[in-house]
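Tertiary structure, described
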4 protein chains.
Amino acid sequence: MSIINGAENIWLDGKRVPNPAEHEAFKGTFQTISKLIQLIDHDEVGFDDVSVQRKVHKAFLIPKSLEDLRSQRQAYDTWAGHTFGMMSRLSDYAYSLITGYIIDREKFNAYDSTFSEKITAYFEEVKRERRLITTAISDPQIDRSKPITERPEHALLHVVEENGAGIYVSGAKMIATGAPYVDDILINTPYPHEEGQKKYANFFIISTRSPGLRIICRKSHAEKDKELYPIASQFDEMDAVVLFDRVFIPNERIFIRGNAAGVTAAHRHQQLNALAHYQTVVRLAKKLTFIAGVTTAIAKSIAADSFLHVQQKLGELYMQVDTINGLLKAAEVEGTVHSNGVYYPNAVPLQVARNLGTSYYRRAMSILKDIGAGGFTQLPSTAIDRFEEEKLQSLMTQYYAGATVSAMQKTKLFRLGWELIGSEIGSRHDLYERFYTGDPLRIQGLFFEQFDKTPYEERLQGFLQKIQNPIYEGVNI
Amino acid sequence: MSIINGAENIWLDGKRVPNPAEHEAFKGTFQTISKLIQLIDHDEVGFDDVSVQRKVHKAFLIPKSLEDLRSQRQAYDTWAGHTFGMMSRLSDYAYSLITGYIIDREKFNAYDSTFSEKITAYFEEVKRERRLITTAISDPQIDRSKPITERPEHALLHVVEENGAGIYVSGAKMIATGAPYVDDILINTPYPHEEGQKKYANFFIISTRSPGLRIICRKSHAEKDKELYPIASQFDEMDAVVLFDRVFIPNERIFIRGNAAGVTAAHRHQQLNALAHYQTVVRLAKKLTFIAGVTTAIAKSIAADSFLHVQQKLGELYMQVDTINGLLKAAEVEGTVHSNGVYYPNAVPLQVARNLGTSYYRRAMSILKDIGAGGFTQLPSTAIDRFEEEKLQSLMTQYYAGATVSAMQKTKLFRLGWELIGSEIGSRHDLYERFYTGDPLRIQGLFFEQFDKTPYEERLQGFLQKIQNPIYEGVNI
Amino acid sequence: MSIINGAENIWLDGKRVPNPAEHEAFKGTFQTISKLIQLIDHDEVGFDDVSVQRKVHKAFLIPKSLEDLRSQRQAYDTWAGHTFGMMSRLSDYAYSLITGYIIDREKFNAYDSTFSEKITAYFEEVKRERRLITTAISDPQIDRSKPITERPEHALLHVVEENGAGIYVSGAKMIATGAPYVDDILINTPYPHEEGQKKYANFFIISTRSPGLRIICRKSHAEKDKELYPIASQFDEMDAVVLFDRVFIPNERIFIRGNAAGVTAAHRHQQLNALAHYQTVVRLAKKLTFIAGVTTAIAKSIAADSFLHVQQKLGELYMQVDTINGLLKAAEVEGTVHSNGVYYPNAVPLQVARNLGTSYYRRAMSILKDIGAGGFTQLPSTAIDRFEEEKLQSLMTQYYAGATVSAMQKTKLFRLGWELIGSEIGSRHDLYERFYTGDPLRIQGLFFEQFDKTPYEERLQGFLQKIQNPIYEGVNI
Amino acid sequence: MSIINGAENIWLDGKRVPNPAEHEAFKGTFQTISKLIQLIDHDEVGFDDVSVQRKVHKAFLIPKSLEDLRSQRQAYDTWAGHTFGMMSRLSDYAYSLITGYIIDREKFNAYDSTFSEKITAYFEEVKRERRLITTAISDPQIDRSKPITERPEHALLHVVEENGAGIYVSGAKMIATGAPYVDDILINTPYPHEEGQKKYANFFIISTRSPGLRIICRKSHAEKDKELYPIASQFDEMDAVVLFDRVFIPNERIFIRGNAAGVTAAHRHQQLNALAHYQTVVRLAKKLTFIAGVTTAIAKSIAADSFLHVQQKLGELYMQVDTINGLLKAAEVEGTVHSNGVYYPNAVPLQVARNLGTSYYRRAMSILKDIGAGGFTQLPSTAIDRFEEEKLQSLMTQYYAGATVSAMQKTKLFRLGWELIGSEIGSRHDLYERFYTGDPLRIQGLFFEQFDKTPYEERLQGFLQKIQNPIYEGVNI
């Protein structure tokens, strides 16, 4: 039995799922997450929290030094390691956001004077109950050519009624990755709004068991057969659309209410996001390491790693990993202690890593395809030892053998490769890494705008001055 | 009931498939092919053959003029049109090869004096019985670093015994696309061999019902639900490995026996391949046209086609189609009548189209991913009208709507897009188009070697001469 | 002495050039163009014109059939062949535009009732006097973020005064390629304008000897030494900015006056542009053929053409040429006779070829760099036989030798390669091919908008219908 | 007058250069290097050396800690900063190699027992006299298809005679970047050789004033006009081929003599190379920073930085810089103290940075071209204020203006951009960054071979074990 609760009102294949933890589509992932939660009791992942008197995830640690940050990294590394980077929205991501809000809670009081009190209460609750959390920000993209402000009311999540105890909201949020497995979803609608449209501008956290909430799943990629689909059967975190039909949000879970500037600030807060991106990039590094390993093994199994152009491609995978690790390292050691005493990682290398990530995974998949090539197409439909004829098994053992490995091992490797490049869960990861940060072109536009271009300008000015004046005038020679 | 026979001894998921035409994994494709066969009785696809006194596929037409070639194209266009280019190895490909052998049958007698007589008999039989055919050439690639000649005996299909009536062969051939649906497989082993290794060098055609032959399928991508998986349910042509365990080949089906030069000539014959590549490229054009249409419709459904960078990508898809069509046009009008009176298409533009094809389809899939983006991830797991709650259907109708289309239509388009970019059949097509011609790098090396570089050298020589001498000396001015 | 006149008031390196035909920066190109003009008297390039009673360039032929088009191509091929495609704006381009205007002169009367009469008179004059012509359309791009309509008056060429005999204009036009060598420049300002801004909307042809006109050249790439810089010394066609300081345009050369719809129609006229693009693409094919030849020869000279990855890159260059040729072929044979009896080439393949061209040349240069690689950097500063020490010449002959060619030949080839990839004229060609059609992104957006997407939609509709209905219902079987 | 000596026997344009420091082609660079040398007396670049009793370059510092490494970096940063990264082979590169040999001098005694004594003597001499050094390793590539061992004798630098005082060598070395400006060249021939071919296997340092040595320059890109060509006029470091015609090498400068294993070890020594690569990558970062600044300023000058696709490209340039900086950071903080007490930077991130560098610079140039686009082609041939007509200057001031800058400033920026993307020195940098490490494909093959793949295999093994066993068995929960 699972030690986690998960959501209610989950819809899959046209039906409501009565008992998700026992349903074939969710079972494996429930088990995986349950075990991750148990790891909190181990020092790699958890630390002793004074206020709740138990071990809590290190994502809740407020880092005061480089050592604290690295301790936190150990926790992210451990969870990502146990899932091979293939689960992208485990709760440690949302936890790090909550921690960010806790750090700056006083500042956010400027937008809603109850912020500090409420976030503190929630923080304690989450730690105590080990609640699982995901996030959902985007509204339905019905017409991408229209700016947010020209969309009809129903296209944005909005307040339909309010009373002394809270508000009722209707609308939809896409995409809430991991929704079936969590207790709470952090909801925000951070768009610029006109005056008088306070009904859209709310930042709250909602229980996945709220009446009126429906979680609409994409097709489940989880498969019964763990041997044939080891990734899907254990690590399908599910993506879902969340529909709100007059859902009640109690006051204590509404952190910023009716304040457009506030909800946008809550979404774009750079230091806070640096903490969360740190987790994201640690996870990315683990995933790329795993892919590099699988691809190397496949190349080796058919002795393709003796070709120069294959070596070049494998080398490219290693360079992906080292580049992301280099950026992580830079983010860590170039971190700075802010006036609040918090040691934040440097945000820029993390943004660079995220931007590179949007193209790295796709490129890695392309390399895996190129190296396995026709080998994926000739893969038998099931494991060799399941064939119901001994003679046939022995023929297959002969003809499916690799250069350095047996037919059993070679087909197992290619099956894993196929799951990555050819299965539905594999394709979903390709899309996820490319688009989870948003439209890459727009994200890169934002990166450009926020980027501090001063050093570049200074160098250029230095150069232009040199044209007029002999160099090193200042140097007394 | 299917009007085609298909193979025996087909293995899927570890079991032998007793009645393929009724099996869920094969049924849809049996129906599709049956209908294509019936189209032979129509003038678009068939022509009246004098010798067998019935309509036969125009792939069997020996073209004597540009008009003949275009008549043949109409047949290829029609079959590819009915399958949207998503079936890559329909029998018209193998038919065009057989026609090529018929044209040059006298020449091949130089390698085996019985060639002409046997191929003629087979030609008549195929036309009369409308036998379906595929091809299988590659042997297992156990160790890609080893040249063919260093591989162990079992790694190449070889003769294990012979008698007056024929030969017995053992070994394996990968990949026989479409094998479960055909009557015959054209088998060749066109590698350079040392003297005394005649056992490898045979070109024959084998019935898929031969004792000792086993057809090992990859996983079936066919799905029961035609609405959710329209491509897989109708057009999964299947890829298979063919295992030979002392399989008997009667003399009359062995066209070249024990002659290495002969089997290589039979495989590399340029004019013959030009006829077959013509079919291949016509099919490619149809597929790219289909993809361009799907992608355009998806962009339009969410009004993404108003963005310049999306327009640029859609334009790239149209340019793919026009480029392939331009090369087809050049192959047609630059064809030449050989001394045997046959009008062959120009081989070079067809080779260029095939080379471009190895990267075009992958690029098209990448564009489709970029344009649909997160829309694919938020797609509900089944059709909206299958959801068992009326309220939910009405909410979904609202929130999944597109800019120009209803929620039902939009999700249908994205489901089709997802099948192309995200499903297992989609991934198989991505691999197929990239690798069916062989390792692209080596194919391109071969293209380089065979390419007539004379005109390039002449232009350069002309230039170099100009440096020394004033230009237009010849022009009396 | 040159048989062509060229412009007056040409400015180079801060000075006015008194006698361009004798100036080192222009001399070689004057000679080249003079010889091309003389070729008009030969049947490859010219045809006997009845009205002017002499041979005129075939660009002035109004094609009535595929044969006419091909005869025209022969002329384009000949000029482009003599200049190796390295002169992009020879007068045959502008001639083909004039021919297009002549064909549709009656239609253009709708915008200016004097059009037909004036263009006819000009047509005869150009043919009779063999006047040379280039075009200039773009105004200065001072602020790319501002739409045309928000720019200040001086940013667009405009009328400052008018009288009975004509108009006076001020402003600037960028870029008039070839301006120093021509007699006339075709000027247009085809932007949408508000009512009452007729002063911008004029389409006229101006003599390069008009008072008040100044031609500001970019740096000349022409070099004195024909052996070291064979391309720059013969084929630098020069790019120039044309400044208008109250320049008078006589009525007879103003074809459309003060009519925004008219000048835009004159610029965007599809059939007319198809005739001109036909010339452009023929020229592109010649250039790519030349580059493929140079690169092949360089690879061969150091025996790099035995490497698979080099073969792949050379093959890519051949595929560029064959693709452009295929599109030309399609444009020719898919041409159509319009109601006016003119046989126009199909515009779409020509647009595709132009779009591909914007990336092909840059890619070709990248391949040439990759293949020559360090060989370009170690090239001696001048020809080996110019070294003033015999001993040194003999050492160089030994150490600079190639695999298949002598040191003299190898260094000559690499010097030519360096001129293409490394010299200023080479870099200018890289920019030219990329941008001469305008901003590639916007041109591709325009291509998207104008493209007939109906066939794509039809195929998709066919597919979607199949999902509901069994296929081939219409086929009676 | 220059404070540096430079070489003798320099050949340019077919002539021997009598007094390089006063020659237009070399003067500017002599001045630049002279000033860099003077900076050694400043604390950013130099440190007080006990043995030679004067300040020496920090490249001669043997780093014992991260702080030492960073102090060294400050020196590299300063030199690269003063030359904007545009001089790639300043002597600090060779100095760091010498330092590496000093560190491991005892080990190299295994190949030549005199190594330690000789390198120490040379080390002191270089420091004392501030000798300038470059390196030359490659032999002429006459036939790239032939392995080294099949080349004729003259194709490799070899001993032609020896006596008690030293050896006489003949042959050629390509490419000795910076040769005209240095005192010494470090020469090695690190190929695997057969037994008995000791004549090739020598590692020595030769004075550029040795009789019989000839330095053959490529074309000089230095220009007289500092305003129009600020880079070429100050920073052309020159590439040269060095011809040896019976050149005498005295014993004290032959460090490894006739030992193939030894000369290969001296070339491939990983820690030693890590020290040198550290300098190289610091320089690369400076150059990319400069390019990013120029490109940003050009985009801003015409307000192109408001377009999303331009922002995306500028962002890509910033990401290049941050990626290289991240890898530098990782190399620094992941350095390790070896048994000899030396703190070496981690070699792998430096190799990754170098590999990325081979494509980054070319990509940066492509972005600069795309952003400046037609603006480069319409650039006037000289500075506006040099035009000999006041009226014209005023017209140009109007029409060449930018969105945010004056015409003078805009044309200055575009001229700088053009020098980078369009001039011969610019093209040389494009080639240099791509190829200075050797053939990128082979370098990447080497990277693959040397790369420690263990962590990848371990992760994969971990995954494969999970398929069989429930996860976290080891975790007692």
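All of these numbers come straight from a predicted model, not from anything done at the bench.

Things to note about the interface of chain B and chain C
Contact residues are listed per partner, giving 75 residues for chain B and 75 residues for chain C. Across the interface of chain B and chain C, roughly 6700 Å² is buried in total on both sides, 73% from carbon and sulfur atoms. Its largest share of buried area at the contact with chain C, chain B owes to Y456, R459 and F463 of chain B, together 12% of the area lost on that side. Joining chain B to chain C, the criterion identifies four salt bridges.

Remarks on the relation of the copies chain B and chain C
The transformation that overlays chain B on chain C combines an axial shift of 0.0 Å with a rotation of 180°, and the residual RMSD is 0.0 Å. Expressed as a symmetry operation, the mapping of one chain copy onto the other fits a two-fold axis. Every residue of chain B has its C-alpha some distance from the rotation axis, and the shortest such distance is that of G326 of chain B, at 2.4 Å.

Here's the deal with the interface of chain C and chain D
Across the boundary between the two partners, chain C contributes 79 residues, which contact 79 residues of chain D. Summed over both partners, the interface of chain C with chain D buries about 6600 Å², with 60% contributed by carbon and sulfur atoms. At the surface where chain C touches chain D, the tally comes to twelve salt bridges. Across the pair E389 of chain C and R214 of chain D runs a salt bridge whose closest N-O atoms are separated by 2.9 Å. The element contributing the most residues to the side of chain C that touches chain D is helix 14 (residues 424–435) of chain C, with seven residues. Among the residues forming the side of chain C that touches chain D, the class breakdown is 35 nonpolar, 21 polar and 23 charged.

Let's talk about the environment of S34 of chain A
All names here are of chain A. Structurally, S34 can be placed in helix 1 (residues 27–38). Note on S34: relative accessible area 7%, which makes it buried. Through-space distance from the C-alpha of S34 to that of N273 is 27 Å; in sequence the pair is 239 residues apart.

Regarding the sheet that holds strand 9 (residues 202–207) of chain B
Residues and elements named next belong to chain B. Spatially, 5-8-9-12 is the arrangement adopted by the four strands of the open sheet, whose pairing is mixed. Among the strands making up the open sheet, the edge pair consists of strand 5 (133–136) and strand 12 (254–257). In this sheet, adjacent strand axes meet at a mean angle of 20° when their direction is disregarded. Relative to strand 9, strand 8 (residues 184–187) runs antiparallel, the two being bridged by four bridges. Counterpart to D184 in the pairing with strand 9 is S207. Across the sheet, helix 5 (residues 115–129) is in contact with strand 5, strand 8, strand 9 and strand 12; its angle to strand 12 comes to roughly 155°.

Points about the side chain of K369 of chain A
Take K369 of chain A: it is sitting in helix 10 (residues 347–372). Judged by its relative accessible area of 10%, K369 of chain A is buried. Aside from chain neighbours lying at most four places away, what touches K369 of chain A is F376 and I421 of chain A together with R362, D430, L431 and F435 of chain B.

Examining the arrangement of the chains
The closest approach of any C-alpha atom in chain A to one in chain C is 8 Å; the two make no contact. No part of chain B reaches chain D; the closest C-alpha pair between them is 8 Å apart.

Overview of the pairing of strand 8 (residues 184–187) of chain C
Residues and elements named next belong to chain C. Burial of strand 8 is two-sided: the residues D184 and L186 facing one way and the residues I185 and I187 facing the other way are all buried. Where strand 5 (residues 133–136) lies against strand 8, four bridges are found, and the strand directions are parallel. Within the sheet, the bridge partner assigned to I133 lies in strand 8 and is D184.

Regarding the packing of helix 8 (residues 270–301) of chain B against helix 10 (residues 347–372) of chain B
Residue and element names in this part refer to chain B. Remark: helix 8 packs on helix 10, axes separated minimally by 9 Å, with the N-to-C direction vectors making an angle of 20°. Regarding the angle of helix 8 to helix 10, the classification is roughly parallel. As helix 8 packs across helix 10, the resulting crossing turns out to be left-handed. Considered class by class, the residues forming the contact of helix 8 with helix 10 number 18 nonpolar, seven polar and two charged.

A few points about the packing of aromatic side chains
According to the stated counting rule, one finds 106 aromatic pairs over all chains in the structure shown. Taking 5.6 Å as the distance between ring centres and 45° as the angle between the ring planes, the aromatic pair formed by F203 of chain D and F255 of chain D counts as tilted. With F203 of chain D in strand 9 (residues 202–207) and F255 of chain D in strand 12 (residues 254–257), this residue pair connects regions lying 52 residues apart in the sequence. Each member of the pair, F203 of chain D as well as F255 of chain D, carries the same accessibility label: buried. Here the aromatic cluster, defined as three or more aromatic residues joined through ring pairs, consists of Y101, F108, Y111, F115, Y122, F203 and F255 of chain A. Lying across the ring of F307 of chain A, R442 of chain B places its NZ or CZ 5.2 Å from the centre.

Here's the deal with the confidence of the model for chain A
All names here are of chain A. Residue-level pLDDT values for chain A average 93, and 96% of them are 70 or greater. Low confidence marks residues 470–477, where pLDDT is under 50. Its contacts with residues over four positions away, or in another chain, come to 15 contacts. As scored by the predictor, the complex reaches a pTM of 0.96 and an ipTM of 0.95.

Parameters and conventions
Residues numbered from 1 in each chain as written. Chains lettered and ligands numbered in written order. Predicted model: local features only at pLDDT ≥ 70, side-chain atom pairs only at ≥ 80, totals over all residues. Heavy atoms only, no water. Contact = heavy atoms within 4.5 Å. Buried area = accessible area lost by both parts, 1.4 Å probe. Salt bridge = Lys/Arg side-chain N within 4 Å of Asp/Glu carboxyl O. Least-squares fit on C-alpha atoms with pLDDT ≥ 70 in both. Helix = DSSP H or I, 4+ residues; strand = E, 2+ residues; numbered from the N terminus. Nonpolar A, V, L, I, M, F, W, Y, C, P; charged D, E, K, R; others polar. Buried < 20%, exposed > 50% of the residue type's maximum accessible area, 1.4 Å probe, protein only. Pairing = 2+ DSSP bridges. Axes fitted to C-alpha atoms, helices over the stretch in contact; angles between N-to-C directions. Parallel < 35°, antiparallel > 145°, perpendicular 65-115°, else oblique. Left-handed = near helix turned anticlockwise from the far one by under 90°. Phe/Tyr/Trp six-rings, centres within 6.5 Å; stacked < 30°, edge-to-face > 60°. Lys NZ or Arg CZ within 6 Å of the ring centre and 35° of its normal. pLDDT = per-residue confidence, 0-100.

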